[in-house]
Number of protein chains: 2
Amino acid sequence: MKLPSEFDRIARYFRPLARPEARNLADDAAVIPPLPGRELVISTDVMNEGVHFLPGTPAGLLARKLMRVNLSDLAAMGAEPFGYLLTLAVPGPTPDAWFAGFAQGLAEEQARFGLRLLGGDSTSTSQDISLGLTVLGTTPICGAIGRDGARPGDGLWVSGTLGDAALGLAAKRGRLPDPDGVLVARYDLPTPRLGLADGLASAAIDISDGILADLAHICRASNVGARVDRGLLPLSAPGRAAGPAWRDLALTGGDDYELLMAVPAPAEAALRDRAKVLNVTVTRIGEIIAGTPEIYEGTAVLEPLGFSHF
Amino acid sequence: MKLPSEFDRIARYFRPLARPEARNLADDAAVIPPLPGRELVISTDVMNEGVHFLPGTPAGLLARKLMRVNLSDLAAMGAEPFGYLLTLAVPGPTPDAWFAGFAQGLAEEQARFGLRLLGGDSTSTSQDISLGLTVLGTTPICGAIGRDGARPGDGLWVSGTLGDAALGLAAKRGRLPDPDGVLVARYDLPTPRLGLADGLASAAIDISDGILADLAHICRASNVGARVDRGLLPLSAPGRAAGPAWRDLALTGGDDYELLMAVPAPAEAALRDRAKVLNVTVTRIGEIIAGTPEIYEGTAVLEPLGFSHF
């Protein structure tokens, strides 16, 4: 009994990536038994050709970025990776090598971050590649971090450095030099800050729309204000070298996938210590204040400009 | 503090659809507490413009079909609907009315089938609409129906009638008359057969690739053969009227989303009874037999031709 190539491909490239709960990718759905003492955290993110990535991006890189962008949502929730479902829509004539490269990228990230495939859907499109991933993680009961827990007096912390991904995109487009490829690498392959905020942050978000836009989400959800100091924003060496004309990208540039965290004063030292263990820098850039959900620098109100798809 | 229109739209159209676990769609992820005595069933399906639906299809109809196609996977697993995540990728200039219509379609189906929104991602594409839904359902512990449980002697049953959706697509393309719109309606809006197979079927699958292709999945997963009688395939009145040239679509036409079930002899009467309560017809079209995973009609082997995306 001969199988059409769609099922061949699933068997060859994706079945080796699957968790037992995926039932060998041979059922209509995965079945997850109760996880005692844990809550399930679930999120989904899409990447579309021409919008989230440039045509011609290697399949393995797409797979790795798609995985990391989704894992970043788990990091913001303080969750531990468990598994994922994948939707893959590519033009009909896509060659086998593309699928092999995509699966190889997934395999690398699965091993690195400790999760496995649960299921998915493989279809065709008339033209552009469209990729979707639904990621599942777990937290202790009531251990998930929201955006609504920030309280006046909490310190505002960010991981890593800001603006690099936006500079990397500019470099990819030839508008900026990037001799050692550091900036492009930051755009191509963000690092989800898993394990950093768990149990310490009162609120957290991963910076995908720009720090001002994402801080605004926390302020609105928590019904608090924030005070930040632009001079404290952590910049990378190539970020500083890009000069003042590019400096605002640290405030408004998306795609860094660093964590922005509100951290109660008693937990700030523990955050520093944990960051050292995880080998990531953390920087205090301001604090949460009482009042309406506005972001201040001194007495000036900053507009939370960021990326919107519409 | 003004919000960009992407967040406006989420607040206006999608927040009213959300479950409490969705955290008001204001966090990076939904959080699902343990569900005592239940297992979680999770599946994902995509619909792309130009492949799964024709350009210009009304937004509300797309939403309803997307929901039903995913619910059909829960029906095949014997699961009860719980919630869903949605990914919506549309061209940048898409008007507000499109989102309003889409949300209205979701609202109707939520009410009909008893599930609510858990989260999602709203993005843009350069050209075609791409829709994704990840559906979550629950079953009793070990209550999920797989494809691998069919045993020799089980009856092979199908719900509803076969081939109508494929005829409906032909009618939409003007290749077939459909004066009262019955066939087109079957293509546009399948009915997930929720509650039909639970606790009765030893194996089940929803027919999305054609009954032969989907029966082949059960045979391979269960390592059994099957015997079917084409003369027993349930056809609708317009399906019969379409004439013999179209008759094979009942075997190979996709998109009916009827259930194909293997049912142990002692449960066959209960299936008939339950079908009456649910107001759906069920038809015995053959049985599971011992041996290699082949499908026989008499002594002839039927090739499991069906739809493949590649």
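Because the structure is predicted, anything quoted here is derived from the model rather than measured. Throughout this document, residue positions are counted from 1 along each chain, in the order its sequence is written. Labels follow written order: the first chain is A, the first ligand is 1, and so on. Where totals are concerned, whole chains, interfaces and linings use all residues; where local detail is concerned, this predicted model gives features only for residues with pLDDT of at least 70, and gives and counts side-chain atom pairs only at 80 or more. As a rule here, side-chain values come from all non-hydrogen atoms in the structure, and water together with hydrogens is ignored.

Draft legend 1. Summary view of the relation of the copies chain B and chain A. In superposing the copies, a least-squares fit is computed on C-alpha atoms, taking residues whose pLDDT is at least 70 in both. Least-squares fitting of chain B to chain A yields an RMSD of 0.0 Å, with the superposition described by an axial translation of 0.0 Å and a rotation of 180 degrees. Those values place the two copies in the arrangement expected of a two-fold rotation axis. Taking C-alpha positions as reference, the residue of chain B nearest the rotation axis is Pro34(B), located at 3.2 Å.

Draft legend 2. Highlighting the interface of chain B and chain A. By the convention used here, residues are in contact when the closest approach between their heavy atoms is within 4.5 Å. Of the residues lining the interface, 74 residues belong to chain B; the matching set on chain A comes to 74 residues. Summed over both partners, the accessible area (1.4 Å probe) lost when two parts come together is defined as the buried area. At the boundary of chain B with chain A, total buried surface from both sides reaches about 6,000 Å², with 57% on carbon and sulfur atoms. Basic side-chain nitrogens of Lys or Arg form a salt bridge, by our definition, when they fall within 4 Å of a carboxyl oxygen of Asp or Glu. Taken together, chain B and chain A are joined by zero salt bridges. A 3.5 Å cut-off defines polar contacts: any pair of N or O atoms within that distance qualifies, except that in protein one atom must be a possible hydrogen donor and the other a possible acceptor, and neighbouring residues in sequence count only when both atoms are side-chain atoms. Remark: the boundary between chain B and chain A carries 16 residue pairs in polar contact (both at pLDDT 80 or more). Ten residue types, Ala, Val, Leu, Ile, Met, Phe, Trp, Tyr, Cys and Pro, are classed as nonpolar, four, Asp, Glu, Lys and Arg, as charged, and the remainder, Gly among them, as polar. For the side of chain B that touches chain A, the class distribution of residues is 35 nonpolar, 20 polar and 19 charged. As judged from the three bridges shared by strand S1 (residues 30-32) of chain A and strand S2 (residues 38-48) of chain B, these two strands associate in the antiparallel manner. When the sheet's bridge partners are listed, Val31(A) is paired in S2(B) with Val41(B). Pairing between strands is defined by DSSP: at least two bridges between the two strands are required. A run of DSSP states H or I qualifies as a helix once it reaches four residues; a run of E qualifies as a strand once it reaches two. Both are numbered from the N-terminal end.

Draft legend 3. Broad picture of helix H6 (residues 211-222) of chain A. Residues and elements named next belong to chain A. What a helix should span is 1.5 Å times the count of its residues minus one. For H6, which comprises 12 residues, the first-to-last C-alpha distance of 16 Å matches the rise-based estimate of 16 Å (1.5 Å per residue) to within 8%. Taken together, the buried positions of H6 are Ile211, Leu212, Ala213, Asp214, Leu215, Ala216, His217, Ile218, Cys219 and Ser222. Looking one or two residues beyond H6, the residue adopting positive phi is Asn223, at roughly 55 degrees. Partly exposed describes any residue whose relative accessible area lies between the buried limit of under 20% and the exposed limit of over 50%, with all areas from a 1.4 Å probe on protein chains only and scaled to the type maximum.

Draft legend 4. Broad picture of the pattern of salt bridges. Under the counting rule described, the total for this entry stands at 34 salt bridges over all chains. The residue Glu109(B) makes a salt bridge to Arg64(B) at a minimum N-O spacing of 2.6 Å. Here the residue Glu109(B) occupies a position in helix H3 (residues 96-113), and Arg64(B) occupies one in helix H2 (residues 59-77), the gap between them amounting to 45 residues. Like Glu109(B), the residue Arg64(B) is buried in the burial classification. One salt bridge in this structure joins Arg186(B) and Asp256(B), with 3.8 Å as the shortest N-O distance. Remark: Asp256(B) occurs in the loop between helix H8 (249-252) and strand S9 (259-263) and Arg186(B) occurs in helix H5 (residues 182-188); sequence separation between them is 70 residues. One connected set of salt bridges, linked through shared partners, spans Arg64(A), Arg68(A), Glu108(A), Glu109(A) and Arg112(A).

Draft legend 5. Fine view of helix H4 (residues 164-172) of chain A. All names here are of chain A. With eight of its nine residues buried, H4 lies for the most part within the structure. Looking at H4, one finds that the buried residues are Asp164, Ala165, Ala166, Leu167, Gly168, Leu169, Ala170 and Ala171. Buried residues in H4 make contact with helix H5 (182-188), helix H7 (237-241), helix H8 (244-247) and helix H9 (249-252). Downstream of H4 by one or two residues, Gly174 has phi in the positive range, about 80 degrees.

Draft legend 6. Up close: the nonpolar core. Among the nonpolar cores identified, the biggest contains 57 residues, and Phe14(A), Trp98(A), Phe102(A) and Met261(A) are the most heavily contacted of them. At the level of elements, helix H1 (5-14), strand S2 (38-48), helix H2 (59-77), strand S3 (80-91), helix H3 (96-113), strand S5 (130-140), strand S9 (259-263) and helix H10 (268-278) of chain A are the ones that each hand at least two residues to this core. In terms of residue count, H2(A) provides more of this core than any other element does, 10 residues in total. Look past the residues within four positions of Phe102(A) in its chain and what remains in contact with it is Phe14(A), Ala59(A), Gly60(A), Leu62(A), Ala63(A), Leu66(A), Leu86(A), Leu88(A) and Leu131(A). By nonpolar core is meant a set of buried Ala, Val, Leu, Ile, Met, Phe, Trp, Tyr and Cys residues that side-chain atoms within 4.5 Å join together. Of all hydrophobic cores here, the second largest spans 55 residues; its members include Leu17(B), Leu117(B), Val263(B) and Leu271(B).

Draft legend 7. Focus on the environment of Ala267(A). All names here are of chain A. Residue position: Ala267 is located in the loop between S9 and H10. Residue class for Ala267 comes out buried when judged on its relative accessible area of 13%. Each C-alpha atom of the pair Ala267 and Val182 lies 32 Å from the other, and the pair is 85 residues apart in sequence.

Draft legend 8. Layout of the sheet that holds strand S10 (residues 282-289) of chain A. Residues and elements named next belong to chain A. Here we have seven strands laid out as an open sheet, ordered S7-S9-S6-S10-S8-S11-S12, and mixed in their pairing. Strand pairing shows two members of the sheet lacking a second neighbour, strand S7 (203-206) and strand S12 (300-302), which therefore form its edges. Averaged over all pairs of adjacent strands, the angle between strand axes in this sheet comes to 30 degrees, irrespective of strand direction. Across three bridges, the pairing between strand S11 (residues 295-297) and S12 is antiparallel. Bridged to Ile295 within S12 is Leu302. To get an axis, a line is fitted to the C-alpha atoms, and for a helix only the part in contact is used. The angle between two axes follows their N-to-C directions and goes from 0 to 180 degrees. This element, H2, spans S7 and S9 of the sheet and lies at about 170 degrees to S7.

Draft legend 9. Structural view of the packing of aromatic side chains. The pairing test for Phe, Tyr and Trp rings, Trp by its six-membered ring, is centres within 6.5 Å, and the orientation test on the planes gives stacked under 30 degrees, edge-to-face over 60, and tilted for anything in between. Enumeration according to the criterion identifies four aromatic pairs over all chains in this entry. Judged by centre distance (5.1 Å) and plane angle (15 degrees), the rings of Trp98(A) and Phe102(A) are stacked. Of this pair, Trp98(A) and Phe102(A) both sit in helix H3, four residues apart, which is roughly one turn of that helix. For the residue pair Trp98(A) and Phe102(A), the accessibility class agrees, reading buried in each case. Between Trp98(B) and Phe99(B), the ring centres sit 5.5 Å apart and the planes meet at 80 degrees, which makes this aromatic pair edge-to-face. The buried category is assigned to Trp98(B), whose relative accessible area is 14%. Counting every residue linked through ring pairs, the aromatic cluster contains Trp98(A), Phe99(A) and Phe102(A).

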